[in-house]
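Spelled out from the first residue to the last, the chains are:
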Amino acid sequence: MKQRIAVYPGSFDPITYGHMDILFRSLELFDKVIMAVAYNIEKKGLFTVEERKDIIREAVKGNEHVIVDSFEGLLVDYVKKVNSRFVVRGLRAMSDFEYEFQMASMNRNLNKDMDTIFMMTSKDYFFISSRTIKEVASFGGNVDGLVPPVVAKCLKEKFFNT
Ligand code: PNS
């Protein structure tokens, strides 16, 4: 039987429990979900793309339905390359909507067969973003419960060399 594959793209710099909530819920709909870390020349990340992939692999360790990968260029091309036509994205608030709507519409304009599935972030995580996590961690704030343990550890290493 044909496997239903979805691509969950993002910067994931770093992955948070908000992302993981969307990931695990999307696995209810798809046989395989590819976490695709985007190379973005405009956004210099805290972690390299390779580091982000290693962190995600550790966070989802043992789950054979999750594939961790990265891509350069257009998302529509990557989605086609992996024989999918579905993209998964999370929505936290109205403020996400405009950007996501633009992106999904542009992607559909580029490939009319592609669909973006949006999921509302669970109430426990709607206030989390990779940006705020990095800011809190950079000042030594506690991010436990908001990110997987491997992320908390890597943030400490990045900011405090511990
Ligand atoms: O986590 P992010 O930074 O919100 O993810 C954005 C991402 C990586 C999904 C988006 O920037 C993207 O798809 N980049 C690839 C380039 C592309 O296809 N652009 C056209 C859509 S506007």
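Note that the structure is predicted; figures quoted are calculated from it, not measured.

**Q** Teacher, can you tell me more about the sheet that holds strand β4 (residues 86–91) here?
**A** By definition, the strands of a sheet pair up through backbone hydrogen bonds, in either a parallel or an antiparallel sense. The strand order across the open sheet formed by five strands is β3-β2-β1-β4-β5, and the pairing between neighbours is parallel. The open sheet terminates on both sides in strands that have one partner only, identified here as β3 (66–71) and β5 (115–120). Sheet twist, expressed as the mean angle between neighbouring strand axes with direction ignored, is 30°. Bridge analysis of strand β1 (residues 5–10) against strand β2 (residues 32–38) gives six bridges, and the strand direction is parallel. Bridging from a neighbouring strand, Ile 5 pairs with Lys 32 of β2. Of the strands in this sheet, β2 and β3 are in contact with helix α2 (residues 49–59), which crosses β2 at around 155°. Against the sheet, helix α4 (residues 94–110) contacts β4 and β5, and its axis sits at roughly 170° relative to β4.

**Q** What is the right way to look at the site of the ligand in this model?
**A** Near the ligand, the surroundings consist of 13 residues, among which Ser 11, Lys 43, Leu 75, Arg 89 and Tyr 99 are the closest. One of the backbone nitrogen or oxygen atoms of Leu 75 is found 2.8 Å away from an oxygen atom of the ligand. Protein contact buries 74% of the 550 Å² of open area that the ligand shows by itself. One can see that the ligand is located within the largest pocket. Residue assignment for the shell around the ligand shows that the elements contributing at least two residues are β1 and α4. For the shell around the ligand, the leading source of residues is α4, giving three residues.

**Q** I keep staring at the packing of aromatic side chains and nothing clicks. Help me out?
**A** Aromatic rings considered in pairs are described by the distance between their centres and by the relative angle of their planes. Tallying each qualifying case throughout the model produces six aromatic pairs. Centre to centre, the rings of Tyr 17 and Tyr 125 are 6.2 Å apart; their planes meet at 50°, and the pair counts as tilted. Of the two residues, Tyr 17 is situated in helix α1 (residues 17–26) and Tyr 125 in the loop between β5 and α5 (130–138); the sequence distance between them amounts to 108 residues. Tyr 17 sits in the partly exposed class, given a relative accessible area of 24%. On the basis of an interplanar angle of 50° and a centroid distance of 5.4 Å, the ring pair of Phe 30 and Phe 86 is categorised as tilted. Of this pair, Phe 30 sits in the loop between α1 and β2 while Phe 86 sits in strand β4, placing them 56 residues apart in sequence.

**Q** Teacher, can you tell me more about the environment of Thr 132 here?
**A** In this structure, Thr 132 sits in helix α5. Between the C-alpha atoms of Thr 132 and Val 60, which are 72 residues apart in sequence, the distance is 22 Å.

**Q** Would you take a moment to explain the pairing of β4 for this structure?
**A** Summarising burial for β4: six of the six residues are buried, a large majority. Along β4, one buried face is formed by Phe 86, Val 88 and Gly 90 and the opposite face, lined by Val 87, Arg 89 and Leu 91, is buried too. Where the polypeptide runs from β4 across α4 and back to β5, its parallel neighbour, the crossover connection is right-handed.

**Q** What am I meant to see in the packing of α5 against helix α6 (residues 149–160) here?
**A** Relative placement of two packed helices is described by the angle separating their axes and the distance separating the axes. One can describe the packing of α5 onto α6 by two numbers: an axis separation of 10 Å at closest approach and a directional angle of 55°. One finds that α5 runs oblique with respect to α6. In the packing of α5 onto α6, the handedness of the crossing is right-handed. Residues Ile 133, Lys 134, Ala 137 and Ser 138 of α5 form the contact with α6, whose participating residues are Leu 155, Phe 159 and Phe 160. Its residues placed into classes, the contact of α5 with α6 shows five nonpolar, one polar and one charged.

Rules used throughout
Residues numbered from 1 in each chain as written. Predicted model: local features only at pLDDT ≥ 70, side-chain atom pairs only at ≥ 80, totals over all residues. Heavy atoms only, no water. Pairing = 2+ DSSP bridges. Helix = DSSP H or I, 4+ residues; strand = E, 2+ residues; numbered from the N terminus. Axes fitted to C-alpha atoms, helices over the stretch in contact; angles between N-to-C directions. Contact = heavy atoms within 4.5 Å. Near = heavy atom within 4 Å. Polar contact = N/O pair within 3.5 Å; in protein donor to acceptor, adjacent residues only side chain to side chain. Areas by Shrake-Rupley, 256 points an atom, 1.4 Å probe, with all protein chains shown as cover. 1 Å grid on protein atoms, 1.4 Å probe; cavity = no way out; pocket = protein on both sides within 12 Å on 5 of 7 lines; lining within 4 Å. Sits in = over half its atoms within 2 Å of the grid points. Phe/Tyr/Trp six-rings, centres within 6.5 Å; stacked < 30°, edge-to-face > 60°. Buried < 20%, exposed > 50% of the residue type's maximum accessible area, 1.4 Å probe, protein only. Right-handed = clockwise from strand over helix to strand, strands pointing away. Parallel < 35°, antiparallel > 145°, perpendicular 65-115°, else oblique. Left-handed = near helix turned anticlockwise from the far one by under 90°. Nonpolar A, V, L, I, M, F, W, Y, C, P; charged D, E, K, R; others polar.

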